[in-house]
Amino acid sequence: MNRTFITAVLLMLAAPLSAHAEGVKVEPLSKTEVTSSGQPIELPRGHITVITSTYEIPPGAKLPVHKHPYPRYGYMMSGQLRITNVATGKSETFKSGDFVIESLGQWHKAESVGTDPVKLLVIDQVPNGENNTILQDKGAATAH
């Protein structure tokens, strides 16, 4: 799956190190230029804040319909998460070890499927002072 962000960071950090240090191994996980819905990846301009969070989502839990105005990357540490694009109806299930580059500005929902809780590392890149989740029902940005 899409593991571009982590791969790029690891390659940038490890490539110079691996040439000068024994035992350093770099395993590229994937490479992509598009989000999970096929949009080109573009970073916010100007000063940004990087927010790193962990989520734990119990089996069967459903996240409400929402969208992200800025880049959001997720690394699946455990469990299975089904993300459904509301407009297209397209669903994709991500599992442990997968990297998710979420769609930008598109309404979607998510559900923890399977028997194990989802444990997810999330990285947001937002302009200073901004949030990265807008709930469809409330129309207000949240910190999630």
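Let me begin by describing the structure that accompanies this report. A quick note: this is a predicted structure, and the numbers were derived from the prediction, not measured.

Parameters at a glance
Residues numbered from 1 in each chain as written. Predicted model: local features only at pLDDT ≥ 70, side-chain atom pairs only at ≥ 80, totals over all residues. Heavy atoms only, no water. Pairing = 2+ DSSP bridges. Helix = DSSP H or I, 4+ residues; strand = E, 2+ residues; numbered from the N terminus. Axes fitted to C-alpha atoms, helices over the stretch in contact; angles between N-to-C directions. Buried < 20%, exposed > 50% of the residue type's maximum accessible area, 1.4 Å probe, protein only. Polar contact = N/O pair within 3.5 Å; in protein donor to acceptor, adjacent residues only side chain to side chain. Contact = heavy atoms within 4.5 Å. 1 Å grid on protein atoms, 1.4 Å probe; cavity = no way out; pocket = protein on both sides within 12 Å on 5 of 7 lines; lining within 4 Å. Points joined across faces, edges and corners; volume = space filled by probe spheres on them. Nonpolar A, V, L, I, M, F, W, Y, C, P; charged D, E, K, R; others polar.

Pairing is antiparallel across the open sheet formed by 4 strands, whose spatial order is 1-8-3-6. The strands lining the two open edges of the sheet, one partner per strand, are strand 1 (48-57) and strand 6 (99-101). The average angle at which neighbouring strand axes cross in this sheet is 20°, direction not considered. In terms of strand pairing, strand 1 meets strand 8 (residues 118-127) through 10 bridges, oriented antiparallel.

In this fold, Ser 112 is placed in strand 7 (residues 108-113). Of the residues examined, Ser 112 reaches a relative accessible area of 1% and is grouped as buried. Here Pro 58 takes part through its backbone oxygen, which lies 3.3 Å from a polar atom of the side chain of Ser 112. Beyond its immediate sequence surroundings of up to four residues, Ser 112 is in contact with Ile 57, Pro 58, Pro 59, Gly 60, Ala 61, Gln 80, Leu 81 and Val 118.

Okay, the side chain of Thr 133 next. With respect to the helices, strands and loops of the structure, Thr 133 is situated in strand 9 (residues 133-135). Polar side-chain contacts of Thr 133 include one of 3.4 Å to the side chain of His 68.

Evaluation of the coordinates by the stated rule reveals 2 cavities of 30 Å³ or more. Considering only enclosed or pocket space, the largest cavity measures out at about 40 Å³ in volume. Forming the walls of the largest cavity are Thr 35, Pro 40, Ile 41, Glu 42, Pro 71, Tyr 73, Ile 101, Glu 102 and Leu 104. Tallied by class, residues from the lining of the largest cavity come to 6 nonpolar, 1 polar and 2 charged. In this model, the second largest cavity occupies a volume close to 30 Å³. Surrounding the second largest cavity, Gly 74, Leu 81, Ile 83, Val 100, Glu 102, Leu 120 and Val 122 form its lining. Put simply, the parts of the chain that give the lining of the second largest cavity at least two residues each are strand 4 (80-85) and strand 8. For the lining of the second largest cavity, the per-class residue count stands at 5 nonpolar, 1 polar and 1 charged.

Moving on, we get to the environment of Ser 78. In this fold, Ser 78 is placed in strand 3 (residues 72-78). Apart from residues no more than four positions distant in its own chain, Ser 78 is found in contact with Ser 96, Pro 117, Val 118 and Lys 119. Within the structure, Ser 78 has its side chain in polar contact with the backbone oxygen of Pro 117 (distance 3.4 Å).

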